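Observations on the model geometry
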Amino acid sequence: MRMGVDILCLGEPMMEFNQQPDGSYRAGHGGDTANCAVAAARQGARVGMLTHLGKDSFGDSFLRLWEAEGVDTSTVRQVAEAHTGIYFVTHGPAGHEFSYLRAGSAASRMGPADLPQDALTATKILHVSGISQAISTSAADAVFAAMAAVKAAGGMVSYDSNLRLKLWPLTRARAVIHAGMAECDIALPGMDDAEQLTGLSDPDAIADFYLGLGAKIVALTLGAQGSLVATPERRERVAGRKVKAVDATGAGDTYDGAFLARIAAGDDPFAAARYANAAAALATQNYGAIEPMPRREAVEVFLASAD
Ligand SMILES: O=C(O)C(=O)C[C@H](O)[C@H](O)CO
């Protein structure tokens, strides 16, 4: 029996400043894999975070958050020589926009030598993303090395494309994300990302593309339309749940965390996707990445209700 966590999330946590209707900014926590960690913990999974934070008040704030959320921090280090990343969320007619203050951050300075091998060999699932690899070349190398260590120990890797063209050019993003996706068991591409990365626009063709790279499960998120889940044997469009959305920041990460929590609990990917669609919809009903993420009870109640 594995003694590690169910889901270990590797990437960069960022302090969030989210624009409110009155123009002020509300402080919160973000960073895609850190969002996924909290989302999964709120569904009852045993979750750990693998990252570096600055030795600053934002780093302290993340440690307090994770303690409150029951996220294991034994693989988190605070380093004196760099800061915790920051981002701002503004809202316009086209949806939300992110602006970053993250270059040189503590997480972006991580490299393969910083990886805790024991934790990697003990986890059931390692979750990483395109952002985990976009923040620096040493971080990209660390992600590849972490994936190899988990797979060599018989664990699974999940990979969310999370394409952020403010962090790297499309050609480089495509090369690295395709290489990462080729090593993963659970591919979690978003539709917009996948169209840019693969040049395809049909969801079934995109699912085939990622299955062809080697994933055993593909969950392609389609925004309000839900998700397309595919394995080599079966595929299903799992409809999204209707809500009055205010801010979609972190909705994809909530999907990931909820999906992985249900996979770790033994659900099949289609049941996990129904659950994850509901959790992600609920997460759009208020501002910020983490604050509006639902807990398991709220997701169950929503799932039992009609649209
Ligand atoms: O865009 C990023 O780099 C982030 O990680 C910030 C957000 O919290 C994340 O994108 C939401 O999915």
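The notes below deal with the structure included here. Predicted model only: the values in this text are computed from it and were never measured.

Let's talk about the site of the ligand
Residues in close proximity to the ligand total 13 residues, the closest being Y87, Y100, R102, R164 and D253. At a separation of 2.9 Å, an oxygen atom of the ligand approaches a polar backbone atom of G31. In the complex, the protein chains occlude 97% of the 320 Å² of accessible area that the ligand would expose alone. Every element with two or more residues in the shell around the ligand is listed here: α1 (32–42) and β7 (95–101). The class makeup of the residues in the shell around the ligand is 5 nonpolar, 4 polar and 4 charged.

What to know about the side chain of T249
Take T249: it is sitting in the loop between β13 (235–239) and α9 (251–264). Within the local environment of T249, its side chain forms a polar contact with the side chain of D247, the two groups lying 2.6 Å apart. Ignoring any residue separated from it by four or fewer positions in sequence, one finds T249 in contact with E16, N18, Y87, V89, H96, F98, G288 and A289.

Quick word on the pairing of strand β2 (residues 14–19)
For β2, a buried count of 5 out of 6 residues is recorded, marking the element as mostly surrounded by other parts of the structure. Summarising the sheet, β2 and strand β3 (residues 25–30) pair through 6 bridges and their orientation is antiparallel. Each bridged residue has a counterpart across the sheet, and for M14 the counterpart in β3 is G30. Here β2 folds back onto β3 in antiparallel fashion, the turn holding 5 residues, of which G23 has a positive phi close to 95°.

Basis of the calculations
Residues numbered from 1 in each chain as written. Predicted model: local features only at pLDDT ≥ 70, side-chain atom pairs only at ≥ 80, totals over all residues. Heavy atoms only, no water. Near = heavy atom within 4 Å. Polar contact = N/O pair within 3.5 Å; in protein donor to acceptor, adjacent residues only side chain to side chain. Areas by Shrake-Rupley, 256 points an atom, 1.4 Å probe, with all protein chains shown as cover. Helix = DSSP H or I, 4+ residues; strand = E, 2+ residues; numbered from the N terminus. Nonpolar A, V, L, I, M, F, W, Y, C, P; charged D, E, K, R; others polar. Contact = heavy atoms within 4.5 Å. Buried < 20%, exposed > 50% of the residue type's maximum accessible area, 1.4 Å probe, protein only. Pairing = 2+ DSSP bridges.

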